[in-house]
Amino acid sequence: MRRRDFITLLGGAAATWPMAARAQQRAMPVVGFLHQGTLGSNAVSLNEFRRGLQDNGFVEGRNIKIELRWADGKYDRLPALAADLVRRQPVAIAAALLPAAQAAKAATATIPIVFISGSDPIETGLVTSLNRPSENVTGVSLFSVPLIAKRLELLHEVIPAAAVVAVLVNPSNPNAEANERGIETAARAIGLRIEFTKASSDRDFEVAFATSRRQAGALLVSADGFYASRRDQLVALAARHAIPTIYFQREFVPLGGLISYGSDTPGMYREAGVYTGRILKGTKPADLPVLQPTKFELVINLKTAKALGLTVPPSLLARADEVIE
């Protein structure tokens, strides 16, 4: 081969290779990940979601691309974020939590959606059946909201003298009214009176905690994605106002929270990743029953109890999955 021909051939290959690489990059399937919270407070859950994808052979950057969208607790941003993801034509969208799932469902009736939600997916309109989800939506229920009654009972065991319990509720959460009704019903069943305090932004927290301390002997933080993204702030306020508080995720307790009761949140994100991987392999959402947790974790921080002057009943300690001393 003549030198000129060789150089021409090499130059043609060099020009062709970037185009082939770009074409291969464009062909990489995209998964949307829409979350109403922040990356900082959900990094562990996001990594578990990635692990679920890996369980099905999908590795980010190798054979799949994940488009992340975070609302940072501003729920009114979710419709625009969901619409942006839909424009990118992903193979599937994972959406956490309820407001994000509702925004994703409103944005598309064709792209498969895998939700992670603490609310009842039938009552909130995400699906019509748990065993046979309709249309393009399936997912994982954290079962956080239906556990309200159990959290109230646990709080009552720790502070039996507290006849009034304050409940922190986010009025921006589309499930807020249903949460309040469920809480009032559960409270009546065990003879407690409820005082609702509301907070939907960082500036609301100080007044909400001061009001709770003045009106009640204990506090229940309702399940909410924005509250999960402000764990450090909420735990610090509970300590400053010296109000015994129960939370919906175990992640609050190592930070100094008194007690929590809920499902294994990171583990359920991994299940959502597994479902997303199965959809990438061709399974239809309607063939994937909505998953529900089978184990709930009770975590107690004895150091915090001591600081509050509380004695946790031995029977409750014996039932705890983890006791932080």
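Residues numbered from 1 in each chain as written. Predicted model: local features only at pLDDT ≥ 70, side-chain atom pairs only at ≥ 80, totals over all residues. Heavy atoms only, no water.

Its location among the elements puts serine 260 in strand β10 (residues 259-263). Leave out the neighbours within four places in its chain, and serine 260 touches Ile246, Tyr247, Gln249, Arg250, Val253, Glu297, Leu298 and Val299. (Helix = DSSP H or I, 4+ residues; strand = E, 2+ residues; numbered from the N terminus. Contact = heavy atoms within 4.5 Å.)

Take the pattern of salt bridges next. For the structure on display, the rule yields 17 salt bridges. Residue arginine 77 is joined to aspartate 72 by a salt bridge in which the shortest nitrogen-to-oxygen separation is 3.6 Å. The exposure class assigned to arginine 77 is partly exposed, which follows from its relative accessible area of 33%. On the basis of relative accessible area, aspartate 72 is assigned to the partly exposed category, the value being 29%. Aspartate 287 is the salt-bridge partner of arginine 132, the closest N and O atoms lying 2.6 Å from each other. Taken together, the positions of arginine 132 in the loop between β4 (113-117) and β5 (137-141) and aspartate 287 in the loop between α10 (265-280) and β11 (296-301) put the pair 155 residues apart, joining distant regions of the chain. Overall, the relative accessible area of 52% leaves arginine 132 in the exposed class. Using a relative accessible area of 39% as the deciding quantity, one classes aspartate 287 as partly exposed. Linked by salt bridges that have partners in common, Lys65, Glu67, Arg69, Asp84, Arg87 and Arg88 make up one network. (Salt bridge = Lys/Arg side-chain N within 4 Å of Asp/Glu carboxyl O. Buried < 20%, exposed > 50% of the residue type's maximum accessible area, 1.4 Å probe, protein only.)

Before going further, it helps to spend a moment on the nonpolar core. In summary, soluble globular proteins display a tendency toward joint burial of nonpolar side chains. Leu34, Leu168, Phe205, Phe209, Val221, Tyr227 and Leu234 are the most contacted members of the largest nonpolar core, which totals 43 residues. Among the elements that line this core, the one with the most residues is helix α4 (residues 98-107), at five residues. With 31 residues, the next largest nonpolar core counts Ala176, Leu192, Ile259 and Tyr261 among its residues. (Core = buried A, V, L, I, M, F, W, Y, C linked by side-chain atoms within 4.5 Å.)

Strand order in the open sheet formed by five strands is β2-β1-β3-β4-β5, with parallel pairing between adjacent strands. The open sheet terminates on both sides in strands that have one partner only, identified here as β2 (65-70) and β5. The sheet shows a mean angle of 15° between the axes of neighbouring strands, taken without regard to direction. Relative to β2, strand β1 (residues 30-35) is paired through six bridges, and the arrangement is parallel. Within β2, the residue paired with phenylalanine 33 across the bridge is leucine 68. Strand contacts of helix α2 (residues 39-55): β1, β2 and β3 (92-96), with the helix running at about 155° to β2, the strand carrying the most contacts. (Pairing = 2+ DSSP bridges. Axes fitted to C-alpha atoms, helices over the stretch in contact; angles between N-to-C directions.)

A few words on the environment of asparagine 173. For asparagine 173, the position within the fold is in the loop between β6 (164-169) and α6 (176-189). Residue classification places asparagine 173 among the buried positions, given a relative accessible area of 9%. Considered as a pair, asparagine 173 and phenylalanine 226 are 53 residues apart in the sequence and their alpha carbons are 8.9 Å apart. Not counting residues within four places of it along the chain, the set of residues in contact with asparagine 173 comprises Tyr75, Leu98, Pro99, Ala223 and Asp224. In terms of polar contacts, asparagine 173 uses its side chain to reach the side chain of aspartate 224, at 2.7 Å. (Polar contact = N/O pair within 3.5 Å; in protein donor to acceptor, adjacent residues only side chain to side chain.)

So, on to the confidence of the model for the protein chain. Fine structural detail should not be taken from predicted coordinates in areas where pLDDT scores are low. Taken as a whole, the protein chain shows an average pLDDT of 91; of its residues, 92% reach a score of 70 or greater. Within the model, pLDDT remains below 50 along residues 13-25, and this stretch shows zero contacts once partners closer than five positions in the same chain are excluded. (pLDDT = per-residue confidence, 0-100.)

On to the packing of helix α3 (residues 78-87) against α4. Across the interface, α3 lies against α4 with an axial gap of 8 Å and an inter-helix angle of 50°. One way to sum up the angle between α3 and α4 is to call them oblique. In this structure, α3 meets α4 at a crossing whose hand is right-handed. Only Pro99, Ala100, Ala103, Ala104 and Ala107 of α4 make contact with α3, whose side of the interface consists of Leu78, Pro79, Ala82, Ala83 and Val86. Grouping the constituent residues of the contact of α3 with α4 by class yields ten nonpolar, no polar and no charged. (Parallel < 35°, antiparallel > 145°, perpendicular 65-115°, else oblique. Left-handed = near helix turned anticlockwise from the far one by under 90°. Nonpolar A, V, L, I, M, F, W, Y, C, P; charged D, E, K, R; others polar.)

With that out of the way, let us pick up the environment of phenylalanine 248. You can see phenylalanine 248 is positioned in the loop between β9 (245-247) and β10. Phenylalanine 248 gets classed as buried once you look at its relative accessible area, which sits at 4%. Through-space distance from the C-alpha of phenylalanine 248 to that of serine 315 is 21 Å; in sequence the pair is 67 residues apart. Once residues within four sequence positions are removed from consideration, phenylalanine 248 is found in contact with Arg151, Val221, Ser222, Ala223, Asp224, Tyr227, Ala228, Tyr261 and Gly262.

Moving on, we get to the packing of aromatic side chains. Tallied over the full model, the rule gives nine aromatic pairs. For the pair phenylalanine 226 and tyrosine 227, a centre-to-centre distance of 6.1 Å together with 45° between the ring planes defines the contact as tilted. Residues phenylalanine 226 and tyrosine 227 agree in their burial class; the two are buried. One aromatic cluster is present, built from ring pairs that chain together Phe33, Phe49 and Trp70. (Phe/Tyr/Trp six-rings, centres within 6.5 Å; stacked < 30°, edge-to-face > 60°.)

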